[in-house]
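One-letter residues, chain by chain:
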Amino acid sequence: MEQFRVEDWVVVWVSIPLLLLAVLIPADLPSVPATLVGEVAWYNIGLLFAIVLVVLYVGCLLLRRPLKGLLPSLVVVFAVSLLAQVVAKIPAVSYYGFESVFFSVLFGLVIRNVWRVPAWMKPAIQGEFFIKIGVVCLGATILFSDVMKSGVFGLVQACLVVAVVWFFAFRFSRRMKVDERSAMILASGLSICGVSASITAARVVGGDDRKLSYIVSLVLIVVVPMIYLMPWLAGLILPHLFEPSVAQEVAGAWIGGTIDTTSGVAASSMIVGEVANQHAVIIKAAQNVLIGVVAFFIALYLSTRRGDKTGQAPSLGIVWEKFPKFIIGFVAASLVFSLLQGNGLFTADAKGKLAEPGVAKMFSTVFFSLAFVCVGLDTRLKDIVSRENRNLLWAFLAAQAFNIVVTLLIALVLFGVLKPMLG
């Protein structure tokens, strides 16, 4: 039983009640308020804090970590993450594509580098614990029915883009003298879905959280100009090649495969049109599914490499030992929620949106925000502006430029040529 009391398994155990709450009582659960004014807002804040507190205490009990000082420490970490989420919901801020995790890192960095982190604040600074819970909850938002809407062309594009862009980003980063683990984090985030994939890869490879925070910051900063650049490029190129409906499909596939956040994909593709928006969001969902697949192959690769260094022959046992167990929770959540949706057991709100995955997404966002406050609180700015991170910057920009070009070519062939020809 001791093997199930390591952090990778414990985050699965504490995530199960959260997902059950999302399924059983979605309408009664709190949401992150857009403002700090009013009784309803503070009721939601209090209930969310109580849920996070219980999860943290239970997790620490199972992991045999000290409980002393958790409450006052969590109050501060939660307050900073709440502020980040509220700021991200300001219309003028959300319009430009900035997400809560960006402000979480930023506020944590300010506290860490302008003042200092006192000892009493440290017990709840458990970034890795919060990140893994966020990943498991994220699995419940990736529904197979959404992925299948893209058909064989969407799935083929997702696989091709992730494979080609991942290997280019990884190899180019290594040529730029970026360390292997950071190169894997960068390649995963850039080729799949930005923040979530970066976080998952970082937990698989055991990467430095300071590098992770830098890569996530790059993702969230670069996505802002891309939200406006991609529709402009699509309007410049595609109308000369295809009729309007096909041009919109290609534009949606292109935007969905290149912009690294789901909210950024939705905002950017809506500028092009409704057809482009539908295709872009579905293509992004198809890529999101590959988080677990890429995590498995990274674990397989690292297990083989480590086996060579230790003189052990690579084996399934080594792969299982190195494989991040919380990814099993991620995949299981996706499978269970997809089956529940397939059997019509989800409830829809007035706008037709399913409540349960929305609540799971909310939990994922809350725990990601907490995690990146912790990352910011653990990071010194001089580490971020180091020469090594400059190499990361150039590697990221070069790989993103490659992503834009190669994804356009794939979208042109699949949605501009093959789909109209076969359809």
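Note: the structure precedes this text.
(A) Just the packing of aromatic side chains, in detail. Counting across every chain of the model gives 10 aromatic pairs. Ring centres of Trp166 and Phe170 lie 5.2 Å apart, and the angle between their planes is 20°; on these two criteria the pair is classed as stacked. With a gap of 4 residues between them, Trp166 and Phe170 both fall in helix α8 (residues 151-175), about one helical turn apart. Feature note: the residues Phe129, Phe130 and Phe367 constitute an aromatic cluster, connected by ring pairs.

(B) Summary view of the environment of Ala266. Tracing the backbone shows Ala266 in helix α13 (residues 262-272). Classification of Ala266 as partly exposed rests on a relative accessible area of 29%. In contact with Ala266, other than residues within four places in its own chain, are Asn277 and Val281.

(C) Local environment of the pattern of salt bridges. Taken as a whole and assessed by the stated rule, the structure comprises 3 salt bridges. Between Arg65 and Glu7 there is a salt bridge, and its shortest N-O distance comes to 2.7 Å. Of the two residues, Arg65 is situated in the loop between α2 (39-63) and α3 (70-88) and Glu7 in helix α1 (residues 7-24); the sequence distance between them amounts to 58 residues. Taking the shortest distance from any N to any O, the salt bridge between Lys419 and Glu249 comes out at 3.2 Å. Residue Lys419 is located in helix α20 (residues 387-422), and its partner Glu249 is located in helix α12 (residues 244-258); the two are separated by 170 residues in the primary sequence. For Lys419, a relative accessible area of 27% translates into the label partly exposed. Each member of the salt-bridge network shares a partner with another, and the members are Glu7, Arg65 and Lys132.

(D) A look at the environment of Val223. Structurally, Val223 is set in helix α11 (residues 209-237). Separated by 36 residues in the primary sequence, Val223 and Ile259 place their C-alpha atoms 6.3 Å from one another.

(E) A look at the side chain of Ser369. Its place among the elements puts Ser369 in helix α18 (residues 355-377). Judged by its relative accessible area of 0%, Ser369 is buried. Here Ser369 is in contact with Ser81, Ala84, Gln85, Ser100, Val101 and Ser104, once residues within four sequence places are set aside.

(F) Molecular detail of the nonpolar core. Grouped together as the largest cluster of nonpolar side chains are 143 residues, with contacts concentrated most on Phe129, Phe130, Ile133, Leu238, Ile298 and Phe372. When near neighbours in sequence (up to four residues on either side) are disregarded, Ile133 contacts Val11, Val14, Ser15, Leu18, Val55 and Phe367.

Cut-offs used in this document
Residues numbered from 1 in each chain as written. Predicted model: local features only at pLDDT ≥ 70, side-chain atom pairs only at ≥ 80, totals over all residues. Heavy atoms only, no water. Phe/Tyr/Trp six-rings, centres within 6.5 Å; stacked < 30°, edge-to-face > 60°. Helix = DSSP H or I, 4+ residues; strand = E, 2+ residues; numbered from the N terminus. Buried < 20%, exposed > 50% of the residue type's maximum accessible area, 1.4 Å probe, protein only. Contact = heavy atoms within 4.5 Å. Salt bridge = Lys/Arg side-chain N within 4 Å of Asp/Glu carboxyl O. Core = buried A, V, L, I, M, F, W, Y, C linked by side-chain atoms within 4.5 Å.

None of this, on its own, says anything about what the molecule does.
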